[in-house]
Amino acid sequence: MGETWVLMKTAQTPTNIAVIKYWGKRDESLILPVNDSISVTLDPAHLCTTTTVAVSPAFQQDRMWLNGKEISLSGGRFQSCLREIRRRASEVEDKEKGVKIEKKDWEKLHVHIASYNNFPTAAGLASSAAGFACLVFALAKLMNVKEDESQLSAIARQGSGSACRSLFGGFVKWIMGKEEDGSDSVAVQLVDEKHWDDLFIVIAVVSSRQKETSSTSGMRESVETSLLLQHRAKEVVPKRILKMEEAIKNHSFESFAQLTCADSNQFHAVCLDTCPPIFYMNDTSHRIISYVEKWNRSEGSPQVAYTFDAGPNAVLIARNRKAAAQLLQRLLFYFPPKSDIDLDSYVIGDKSILQDAGLEGLKDVEALSPPPEIKENAAAQKYPGEVSYFICTRPGRGPVLLTNENLALLNPETGLPK
Ligand code: DP6
């Protein structure tokens, strides 16, 4: 082996949002959940992590950079993922570079990892799910790991539970499993992203000054103190999972919306049932729920489902483009941007929906009339500044390798961030 070579792989992995939530572990170190969960993968064009991994005999230690800043890899979760991937590594040969790595060499070789989120990490949008899924997927490609995506999901799971569902596109189920070693606690794809491509997703990134309890510690406290969590895991979720699978298979939006909203609300009820109680949603989140409930009721059938994770952001899943355009009109009526923000930076992602909604600029937003479901004389109060911005997106595909070297985050000669 020459001593100057660097081998690299770059991957892009989506984030996901649970419609039946994972909340609670039965094993903290292996990250084994107390119930199954189901998620929808979000289009990586709008929300994803890109990760480049490199190996070289010149590297002195494993190192990682997140959004350009070096971070420590000493945490147990990173170490579990690295150990499990290395254990499964096989021989790699790059004839062009004259490099041959034997299976046993992987134990001694160090890796460099650079990761970048195309959305603000601080926005509370499940960056760890996409991040760990991408780390595991990219390392598996670099080290010629032969396992399939489900088997890789069991490794990503040990980085962050929800990460295991980011190994696939479309709708994904994380099967809780029974084995003590976690080998059957894996993600499987229910349907791919084309199966239900009417759906349109609008995320309201809600302004918040409060530092939230992390999912990890929040769910630990719920497991220790909430009786509702026990009831939910044993009695409620197993039935909901079956119904949700049916709803997805049959494109039954009515059932899908009912289950999604009920499960989000129950997850937050478990948080309130935790001692001391955990508040993830705020007044803005509650307002969004009321508006959606009122509108759905007035239409006679649901147009939009809402779901909230461990934070105040609303993920709103509309039955189709038309409903999404009407949703955006309502959201922008209630939550217009503050005067110094233009529409182009207030609504990001798939902006094409703005045209469908007849909203080309701030003048159109100001001219929006109150939604018809509001009673004539009721005050249609507006809340500028409560939402930081909206992201418009759709269900999306699973991880992919990027072959264009220009997209790599590490320098191919030095293996250091570009
Ligand atoms: C509310 O996967 O972030 O988003 O496994 O401790 O890393 P750890 O927790 P994490 O929890 C996600 C919780 C949730 C619901 C969900 O994604 O299913």
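Structure: above.
Residues numbered from 1 in each chain as written. Predicted model: local features only at pLDDT ≥ 70, side-chain atom pairs only at ≥ 80, totals over all residues. Heavy atoms only, no water.

A. Broad picture of the overall build of the protein chain. In terms of helices and strands, the protein chain carries 11 helices and 19 strands. Relative to the 2.2 N^0.38 estimate, which gives 22 Å for 418 residues, the radius of gyration of the protein chain is 22 Å and therefore close to what a compact globule would have. With respect to the three principal axes, the spread of C-alpha positions in the protein chain is 80 × 50 × 40 Å. Split into buried and exposed, the 418 residues of the protein chain put 54% on the buried side. Pairs at least 24 residues apart make up 75% of the contacts formed inside the protein chain by residues separated by at least 6 positions. (Helix = DSSP H or I, 4+ residues; strand = E, 2+ residues; numbered from the N terminus. Rg over C-alpha atoms; globule rule 2.2 N^0.38 Å. Buried < 20%, exposed > 50% of the residue type's maximum accessible area, 1.4 Å probe, protein only. Contact = heavy atoms within 4.5 Å.)

B. Seen up close, the environment of Glu180. Topologically, Glu180 is positioned in the loop between strand E12 (171-174) and strand E13 (187-191). For Glu180, a relative accessible area of 75% gives the class exposed. Each C-alpha atom, one on Glu180 and one on Val205, is 38 Å from the other, the two residues being 25 residues apart in sequence. For Glu180, the residues in contact, after removing those within four places along its chain, are Leu30 and Leu32.

C. View of helix H5 (residues 227-249). For H5, which comprises 23 residues, the first-to-last C-alpha distance of 32 Å matches the rise-based estimate of 33 Å (1.5 Å per residue) to within 8%. At Val236, H5 shows its largest bend, some 45°, and a proline, Pro238, comes one to four positions later. Its buried side turned inward, H5 meets strand E2 (16-20), strand E5 (37-41), E12, E13, helix H4 (215-225) and helix H6 (253-272). In the stretch just after H5, His251 is the one whose phi turns positive, near 50°. (Expected span 1.5 Å × (residues − 1). Bend = angle between axes of the 7 residues up to and from the residue.)

D. Local environment of the sheet that holds E5. In spatial order, the strands read E2-E5-E12-E13; together these 4 strands make up an open sheet with antiparallel pairing. Each edge of the sheet is formed by a strand with only one pairing partner; in this case those strands are E2 and E13. If you compare each strand with its neighbour and ignore which way they point, the axes differ by 35° on average. Note: E12 against E13, 4 bridges, orientation antiparallel. (Pairing = 2+ DSSP bridges. Axes fitted to C-alpha atoms, helices over the stretch in contact; angles between N-to-C directions.)

E. View of the site of the ligand. Taken together, 17 residues lie near the ligand, and Tyr22, Lys25, Ser160, Gly161 and Ser162 sit nearest. Gly161 has a polar backbone atom sitting 2.8 Å from an oxygen atom of the ligand. Contact with the protein chains covers 94% of the free accessible surface of the ligand, which is 460 Å². By residue number, the principal contributor to the shell around the ligand is H4, which donates 3 residues. Of the residues in the shell around the ligand, the class split is 7 nonpolar, 5 polar and 5 charged. (Near = heavy atom within 4 Å. Polar contact = N/O pair within 3.5 Å; in protein donor to acceptor, adjacent residues only side chain to side chain. Areas by Shrake-Rupley, 256 points an atom, 1.4 Å probe, with all protein chains shown as cover. Nonpolar A, V, L, I, M, F, W, Y, C, P; charged D, E, K, R; others polar.)

F. Geometry of the nonpolar core. Residues Phe256, Leu332, Phe335 and Phe390 are the most contacted members of the largest nonpolar core, which totals 71 residues. With 9 residues, the top contributor of residues to this core is helix H8 (residues 321-334). Not counting the four nearest positions on each side in its chain, Leu332 is found in contact with Leu343, Tyr346, Val347, Leu354, Leu359, Val365, Leu368 and Phe390. One finds Leu7, Val145, Val172 and Tyr280 within the second-largest nonpolar core, a separate group that totals 53 residues. (Core = buried A, V, L, I, M, F, W, Y, C linked by side-chain atoms within 4.5 Å.)

G. Structural detail: the pattern of salt bridges. Inspection of every chain in the model, using the stated rule, returns 21 salt bridges. Its salt-bridge partner being Arg83, residue Glu84 comes within 3.3 Å of it at the nearest N-O pair. Judged by relative accessible area, Glu84 falls into the buried class, the value being 8%. The residue Glu293 makes a salt bridge to Arg297 at a minimum N-O spacing of 3.5 Å. In this pair, Glu293 and Arg297 both sit in helix H7 (residues 283-299), 4 residues apart, roughly one turn of the helix. A cluster of three or more residues bridged by salt bridges with shared partners is formed by Arg83, Glu84, Arg87, Arg88 and Glu147. (Salt bridge = Lys/Arg side-chain N within 4 Å of Asp/Glu carboxyl O.)

H. Summary view of the pairing of strand E1 (residues 7-14). For E1, a buried count of 7 out of 8 residues is recorded, marking the element as mostly surrounded by other parts of the structure. Pairing of E1 with strand E6 (residues 48-56) involves 8 bridges; the strand directions are antiparallel. Across the sheet, Gln12 pairs through a bridge with Thr50, a residue of E6.

I. Up close: the side chain of Asp105. Checked against the element boundaries, Asp105 lands in the loop between strand E10 (99-101) and strand E11 (110-117). We classify Asp105 as buried; its relative accessible area is 8%. Of the polar contacts made by the side chain of Asp105, one reaches the backbone nitrogen of Glu102; its length is 2.8 Å.

J. Up close: the sheet that holds E11. Spatially, the 6 strands line up as an open sheet ordered E8-E7-E11-E6-E1-E19, and their pairing is mixed. Of all the strands in the sheet, the pair left with one neighbour each is strand E8 (69-71) and strand E19 (400-402). In this sheet, neighbouring strand axes are inclined to one another by 25° on average, regardless of whether the strands run parallel or antiparallel. Both E6 and E11 contribute to a ladder of 8 bridges, which runs antiparallel. By the bridge assignment, Ser56 is partnered in E11 with His110. Packed onto the sheet, helix H1 (residues 76-87) meets strand E7 (63-66), E8 and E11 and runs at close to 125° relative to E11.

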